[in-house]
Amino acid sequence: MTPAPNAASVPPVLDLSRLTRSYGSLTAVDDISLRLPSGARHAVIGPNGAGKTTLLDLIAGTNRPDRGTITLEGADITRTAPARRSRLGIARSFQQPSVIGELSVLDNVVLAGWPHHPKRRGAWRRPSRYRQQAESAGHHLETVGLADSAGRPASALSHGQRRMLDLAAALAGDPRLLLLDEPAAGLTDDGIGRLLGIIGSLPESVSIILVEHHVEVVAQLATTVTVLKEGRVLVTGPTRETLAHPEVRDAYHHTANGLAGEARG
């Protein structure tokens, strides 16, 4: 019988090594290293301008590092194009929901899932393949509470509904690594509750990096937290301890005080 692999021998789902990205004299990401095990629920927080979104850009491939490496499940993807990274299992939602207003809600999700179809070049031309994609898209819309809006144009959705559509589109490729950039921004309390339920119900096969300012989202969803300040890692650790760290309070001012209070509670 072949022995089960030792946990230490299993590569992390994501390994960032000394990532650096500068814009002129501004270093947005400065020598950041981070390892995410499979199934991670990891939040990245910090003041505005700390480099959080730039870090997601580097992981997703929409930006390239000046130095450092990015490894996905043991494979170096530092120079891999964004579309290829998406097919390898990296999905992303954005600060501003990225939807196509002219398309129906359903077709936004179908389009997002299309590159992952095994015969994607013909997926739009054959009705049977489109129906297969549409069935999967409908499942994701049901997950985010938009099944009743499937036939509406995306332009008719409210801000909160667009956020949910953006999340459904990110899930359409059955990602292994999900990057969420402030998914709770602009949501009502009900919307945040729905968001918590959706993300909390995702299987452990989906690892998550969450950039977020909302206290309850970070405290309830993340098991580990990295705090960035001026592009560098200030501290990384378990959620409660990290949010209560004195340097985190200093860097995050009043917001961090609220986060630490939540962590102590």
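These lines cover the structure that appears in this document, whether it is placed above or below. All figures in this text were calculated on a predicted structure; none of them were measured in a lab.

Residues Leu141, Leu165, Leu167, Leu178 and Ile208 are the most contacted members of the largest nonpolar core, which totals 36 residues. Those elements that provide at least two residues to this core are helix H3 (105-113), helix H4 (127-143), helix H5 (159-171), strand E7 (177-181), helix H6 (189-200), strand E8 (207-211) and helix H7 (215-221). The element contributing the most residues to this core is H5, with six residues. For Leu165, the residues in contact, after removing those within four places along its chain, are Val99, Val105, Asn108, Val109, Leu141, Leu146, Ala154 and Leu157. Core analysis: the second largest hydrophobic core is formed by 25 residues, Ile32, Ala60, Leu72 and Ile90 among them.

Each pair of packed helices can be summarised by the angle the axes make with each other and by the distance between the axes. Interaxial distance between H3 and H4 falls to 8 Å at its minimum, and their mutual angle equals 110 degrees. Classified by the interaxial angle, the pair formed by H3 and H4 is roughly perpendicular. Pair H3 / H4 crosses with right-handed handedness. Taken together, the residues of H4 that come into contact with H3 (itself represented by Val105, Leu106, Asp107, Val109, Val110 and Gly113) are Tyr130, Gln133, Ala134, Ala137, Gly138, His140 and Leu141. The class makeup of the residues in the contact of H3 with H4 is eight nonpolar, four polar and one charged.

Before going further, it helps to spend a moment on unusual backbone geometry. A positive phi angle, close to 55 degrees, is found at Arg18, a residue other than glycine. Within the element layout of this structure, Arg18 appears in strand E1 (residues 14-23).

The next subject is helix H1 (residues 52-60). Burial within H1 is extensive, with eight of its nine residues counted as buried. Burial in H1 covers these residues: Lys52, Thr54, Leu55, Leu56, Asp57, Leu58, Ile59 and Ala60. Where H1 terminates, the next one or two residues include Gly61, which has phi positive at roughly 95 degrees.

With 17 residues, H4 extends 24 Å between its outermost C-alpha atoms, agreeing within 8% with the 24 Å of an ideal straight helix rising 1.5 Å per residue. All of the buried residues along H4 are Arg129, Gln133, Ala134, Ala137, His140 and Leu141. Buried residues in H4, looked at end-on, bunch into an arc of 130 degrees, giving them a common side. Turned more than 90 degrees away from the buried face of H4, the exposed residues are Pro127, Arg131, Glu135 and Glu142. The first or second residue beyond H4 is Gly145, which carries a positive phi of 80 degrees.

On to the pattern of salt bridges. Enumeration over the complete set of coordinates arrives at seven salt bridges. A salt bridge links Arg35 to Asp15, with the nearest nitrogen and oxygen atoms 2.8 Å apart. Highlighted residues: Arg35 in strand E2 (residues 26-36) and Asp15 in strand E1, separated in sequence by 20 residues. Among the charged side chains, a network of salt bridges with common partners joins Asp57, Arg92 and Asp181.

Thresholds applied
Residues numbered from 1 in each chain as written. Predicted model: local features only at pLDDT ≥ 70, side-chain atom pairs only at ≥ 80, totals over all residues. Heavy atoms only, no water. Core = buried A, V, L, I, M, F, W, Y, C linked by side-chain atoms within 4.5 Å. Buried < 20%, exposed > 50% of the residue type's maximum accessible area, 1.4 Å probe, protein only. Helix = DSSP H or I, 4+ residues; strand = E, 2+ residues; numbered from the N terminus. Contact = heavy atoms within 4.5 Å. Axes fitted to C-alpha atoms, helices over the stretch in contact; angles between N-to-C directions. Parallel < 35°, antiparallel > 145°, perpendicular 65-115°, else oblique. Left-handed = near helix turned anticlockwise from the far one by under 90°. Nonpolar A, V, L, I, M, F, W, Y, C, P; charged D, E, K, R; others polar. Expected span 1.5 Å × (residues − 1). Arc of directions from axis to C-beta. Salt bridge = Lys/Arg side-chain N within 4 Å of Asp/Glu carboxyl O.

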